[in-house]
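Chains, contacts and geometry: an overview
Chain residues, written in single-letter form:
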Amino acid sequence: MTDETPRQSDFIRESIAVDQESGIYGKRVHTRFPPEPNGYLHLGHAKSICLNFGIARDFGGRCNLRFDDTNPEKEEQEYVDSIIDSVRWLGFDFGPAPLYASDYFDFMYKAAEYLITAGHAYVDSQSADEMRENRGTLTSPGKNSPFRERSAEENLRLFREMRDGRHPDGSMVLRAKIDMASGNINLRDPAIYRIKHADHHRTGSTWCIYPMYTYAHPVEDAIEQITHSICTLEFEDQRPFYDWLLERLAEGGLFKRPLPRQIEFARLNLSHTILSKRKLIQLVQDGHVSGWDDPRMPTISGIRRRGYTPEAIKNFCERIGVAKRDSTVGLGLLEYCIREDLNRRAPRVMSVLRPLKVVITNYPEAEDEELDAINNPEDPSAGTRKVPFCRELYIEQEDFREDPPKQFFRLAPGREVRLRYAYFITCEKVIKDEKTGEVRELLCSYDPKTRGGDAPDGRKVKATLHWVSARHSQRAEVRLYDTLFTETNPGDRTGDFRDDINPKSLEVIKDCRIEPGLSAAAPSSRFQFERMGYFCVDADSTPEKPVFNRVVILKDTWAKVEKAQKK
RNA sequence: UGGGGCGUCGACAAACGGCAAGUCAGGAGAUUUUGGAUCUCCCAUGUGGAGGUUCGAAUCCUCCCGCCCCAGCCA
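Residues numbered from 1 in each chain as written. Chains lettered and ligands numbered in written order. Predicted model: local features only at pLDDT ≥ 70, side-chain atom pairs only at ≥ 80, totals over all residues. Heavy atoms only, no water.

**A few points about the overall build of chain A**
Filter applied, for reference: Numbering of helices and strands starts at the N terminus; helices are DSSP runs of H or I of at least 4 residues and strands are runs of E of at least 2. Each radius of gyration reported is based on C-alpha atoms, and the globular scaling rule is 2.2 Å times the count of residues to the power 0.38. Burial classification: accessible surface area is computed with a 1.4 Å probe over protein chains only, and a residue below 20% of its type maximum counts as buried, one above 50% as exposed, and the rest as partly exposed. Any pair of residues with heavy atoms lying within 4.5 Å of one another is described as a contacting pair. Only four residue types enter the tally: Lys and Arg on the positive side, Asp and Glu on the negative side, with His and both chain ends excluded. Charge coordinates come from a single atom per side chain, which is NZ of Lys, CZ of Arg, CG of Asp or CD of Glu.
Scanning chain A for helices and strands turns up 13 helices and 25 strands. The C-alpha atoms of chain A give a radius of gyration of 31 Å, which is well past the 24 Å a tight globule of 567 residues would have. In terms of overall dimensions, chain A has a C-alpha envelope of 100 × 55 × 45 Å along the principal axes. By residue count, 53% of the 567 residues in chain A fall in the buried class. Considering only contacts within chain A whose residues lie at least 6 apart along the sequence, 70% involve residues at least 24 apart. Averaging the positions of the 85 positive and the 91 negative side-chain charges in chain A gives two centres separated by 3 Å.

**Describing helix α4 (residues 105-117)**
Convention followed: In this scheme, a helix's expected span is set at 1.5 Å multiplied by one less than its residue total.
For α4, spanning 13 residues, the distance from its first C-alpha to its last is 18 Å, which sits close to the expected 18 Å at 1.5 Å a residue. Inspection of α4 places F105, M108, Y109, A111, A112, E113, L115 and I116 among the buried residues, and these make up the whole buried set. Following α4 by one or two positions, G119 adopts a phi angle in the positive range, close to 80 degrees.

**Considerations on the side chain of D221**
Heads up, the condition is: Any N or O atom pair separated by 3.5 Å or less is treated as a polar contact, with the protein-specific requirement of one donor-capable and one acceptor-capable atom, and with residues adjacent in sequence counted only for side-chain atom pairs.
Residue placement: D221 occurs in helix α7 (residues 213-223). Taking relative accessible area as the criterion, D221 reaches 0% and is therefore assigned buried. For D221, the side chain forms a polar contact with the side chain of Y242, separated by 2.7 Å.

**A short note on the protein's contact with RNA strand B**
Going by this rule: Think of it this way: one heavy atom of a residue within 4 Å of a molecule or strand is enough to make that residue near it.
Looking at RNA strand B, there are 68 residues lining it, with E14, R325, R348, G452 and Q528 nearest. A distance of 2.6 Å separates a sugar or linking oxygen of RNA strand B from a polar atom in the side chain of R418. Residue K560 places a side-chain N or O atom 2.9 Å away from a phosphate oxygen belonging to RNA strand B. Counting only elements with at least two residues in the surface near RNA strand B, the list comes to α5 (128-134), β6 (191-195), α11 (310-320), α12 (331-345) and α13 (557-566).

**Considerations on the pairing of strand β8 (residues 228-232)**
Rule in force here: Note: two strands are recorded as paired if DSSP finds a minimum of 2 bridges between them.
Among the five residues of β8, five are classified as buried, and the element is accordingly described as predominantly covered. The side-chain alternation of β8 yields two buried faces, one formed by H228, I230 and T232 and the other by S229 and C231. Strand direction decides the pairing type here: β8 and strand β9 (residues 261-265), joined by five bridges, are parallel. Each residue of the ladder has a partner; that of I230, found in β9, is I263.

**Notes on the environment of L246**
Structurally, the position occupied by L246 is in helix α8 (residues 239-251). The buried category is assigned to L246, whose relative accessible area is 1%. Sequence separation of L246 and P218 is 28 residues, and the distance between their C-alpha atoms is 6.8 Å. The residues contacting L246, other than those within four sequence positions of it, are P218, V219, A222, F255, L259 and P260.

**Let's talk about the packing of α4 against helix α6 (residues 152-163)**
Using the following cut-off: Whenever a helix is involved, its axis is fitted only over the stretch in contact; in every case the axis is a line through C-alpha atoms, and angles between N-to-C directions fall within 0 to 180 degrees. Any angle that falls under 35 degrees is termed roughly parallel, while one over 145 is termed roughly antiparallel, one within 65 to 115 roughly perpendicular, and all others oblique. Handedness of a helix crossing follows the sense of rotation of the near helix relative to the far helix, less than a right angle counterclockwise being left-handed and clockwise being right-handed. Each residue is assigned to one class: nonpolar for Ala, Val, Leu, Ile, Met, Phe, Trp, Tyr, Cys and Pro, charged for Asp, Glu, Lys and Arg, and polar for all the others, Gly among them.
Running from N to C, α4 and α6 cross one another at 155 degrees; their axes reach a closest spacing of 9 Å. Looking at the two axes, α4 sits roughly antiparallel to α6. Considering how the two elements wind past one another, α4 and α6 form a crossing that is right-handed. Within the contact between the two elements, α4 uses Y109, A112, E113, I116 and T117 and α6 uses A152, N155, L156, F159, R160 and R163. Of the residues belonging to the contact of α4 with α6, the class tally is six nonpolar, two polar and three charged.

**With respect to the pairing of strand β25 (residues 547-552)**
In terms of burial, β25 is largely enclosed, as six of its six residues are buried. Where strand β21 (residues 474-481) lies against β25, three bridges are found, and the strand directions are parallel. By the bridge assignment for β25, V478 is matched with F548. Examined bridge by bridge, strand β24 (residues 533-537) and β25 share four bridges and lie antiparallel to one another. Within β25, the position partnered with F535 by the bridge is R550.

**Observations regarding the pattern of salt bridges**
Quick reminder of the rule: The rule for a salt bridge is simple: a side-chain nitrogen of Lys or Arg has to be within 4 Å of a carboxyl oxygen of Asp or Glu.
Counted according to the given criterion, the structure contains 60 salt bridges. A salt bridge links R305 to D293; the shortest N-O distance between them is 3.3 Å. Taken together, the residues span a long stretch of sequence, with R305 in helix α10 (residues 300-306) and D293 in the loop between α9 (277-285) and α10 at a distance of 12 residues. Looking at R305, the relative accessible area reads 17%, which means it is buried. A salt bridge links E369 to R451, with the nearest nitrogen and oxygen atoms 2.6 Å apart. Here R451 lies in the loop between β18 (439-446) and β19 (464-465) and E369 lies in strand β13 (residues 368-374), a separation of 82 residues in the sequence. For E369, a relative accessible area of 14% puts it in the buried group.

**Some details on the packing of aromatic side chains**
Definition in use: Note on aromatic contacts: the rings of Phe and Tyr and the six-membered ring of Trp form a pair at centre separations within 6.5 Å, being stacked when their planes are under 30 degrees apart, edge-to-face when over 60 apart, and tilted otherwise. Counting as a charge over the ring demands two things of the Lys NZ or Arg CZ atom: a distance within 6 Å of the ring centre and an angle within 35 degrees of the ring normal.
In the structure shown here, the tally under the stated rule is 23 aromatic pairs. On the numbers, 6.1 Å between centres and 80 degrees between planes, the contact of Y79 with W292 is edge-to-face. In this pair, Y79 is assigned in helix α3 (residues 77-90) and W292 in the loop between α9 and α10, connecting sequence segments 213 residues apart. Exposure remark for Y79: the relative accessible area of 7% places this residue in the buried category. The interplanar angle of 75 degrees and the centroid separation of 5.3 Å between the aromatic rings of Y363 and F389 together place this pair among those described as edge-to-face. Of this pair, Y363 sits in the loop between β12 (355-360) and β13 while F389 sits in strand β14 (residues 384-390), placing them 26 residues apart in sequence. We note that Y363, like F389, is buried. Three or more aromatic residues link up through ring pairs in this structure, and these residues are F105, Y109, F159, Y193, W207, Y210 and Y215. Across from the ring centre of Y100, 3.5 Å away, lies the NZ or CZ of R202, which sits over that ring.

**Some details on the sheet that holds strand β2 (residues 62-67)**
Strand order in this open sheet of three strands is β1-β2-β3, and the pairing throughout is parallel. The open sheet has two edge strands with one neighbour each: β1 (30-33) and β3 (99-100). In this structure, β1 lies alongside β2, joined through four bridges in parallel fashion. Residue pairing in the sheet places F33 in a bridge with L65 of β2. On the sheet, helix α2 (residues 43-58) packs against β1 and β2 and is oriented at approximately 160 degrees with respect to β1.

Interpretation note: all reported values are geometric properties and have no functional meaning in isolation.
And the structure:
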């Protein structure tokens, strides 16, 4: 849909274009999206997905979905399933099945044995504490492990014992043998295999040693003959090891050149939210949200349930660009993208969120009629529909003010406004609750000559209100969402993002009135409630008890004016 | 005080020695049966700072300042 809109290039695509020019990869481009199945995908992943699959598309290459499942303690099948679902929902094709790092465990093991044989790796029997101690600091070099000079034979024997389950967790580890004095701490003999007597979600109890990301990732890339391995900035320090490892393995004939190349870009930060699996899992576990797919969550499944479309998300990812600078994108851009999409495609409908009863005193009690309404002014092919009108109606509470401020154009005592697609009405009398003084209902008169919304005498009104027939409309629950956090960068104030959780991020209104027939809409269908915003039928919704999520409000000029007035 | 990155508009982000793109936000107007949408116009004499090279510098050089990442048997 928006896929053909021309996108501007970025430094990664430019770099790939240079490789295309030089022919180093034989004009081949092969990327990968490598999530660890330890949580649900979020908008930050969407950026990466769009980048990786987008590059493959732009260069006529391919992109693998590969699970980086090298840590059985944190990974679960549920996450695998949700990730596959999210990638597919976004509309990307990774073939019939995803790939798994765990499928390469045999190869990785053999490659590790090669490294040992070639003198590039050794089994260290230091404890984790000792290793940390000897790693040195940022400003001082580390110390060689006392086990660093074990013979290849001994290393091989020990490593096989590790594999065979002869040693407990933490007792030893396989390390790359590089340089304990390197300024880059990642090169101070990084651990590449550790013992974990834990069942893996795919390989079960086959293994009790598992490769570290540092080691596994370059190997996975090389096995799949990835050309460009795109990752986020924090792995930049890791690149020298990435290259070192692959060079060693290529020397040993385990891989053929050209070797994949790692390129790093800045991860997405979004204002008023968090994009960190670690923190998102906390929100879920601590019950601050209903689950990973809570419509307030920045997860793909969350914003999907909220009512965002794949097109809007992909468009957002195009607009934010790709660079190496740390930045925080304003949430407003995301909202702009979904409004833009839904404006084009969402059918309009009239629903009243906070009903205020209006009685048309000069309209016959027993009568009703049907009026023509346009389904989508942006799309004539969407056609029209009939909307029932009668003596008793509901309008939005906020569309009436007993004492209207300047520039408030809507209904007020003695004032005439238009009911969309219906009639001009004038407010004649305000009925209030005797005790509370609260406005209970409005007595209005209508002008029969204005049927459809135009006055034959050419007189104008300054406002058009949405409305629904009291008799014909249906009840619905509507869930209004605000940002999950009150601050631009949650946690900046106190150091704990939970201190900035927005207590008002969810408001449930149970007695809304929706246009007749709307209750039958299928879950995930989206509508514009005229003047109120875009809404999506929630997964919980049933025809008997319809539930709508507010995706996003419409741009609200009046709110802006009113806010300025208060200042 | 080690190593690796990054500083261009309120927010993103181009510009690759030759007139500081574009988008969002904001402002003004037109139009409108959604205070929506749409359309038009405005919005960085200046690119973290100071020097230097050059006919010409966001771009090259030097120094300085600021921010981010790295001391998991996480990824």
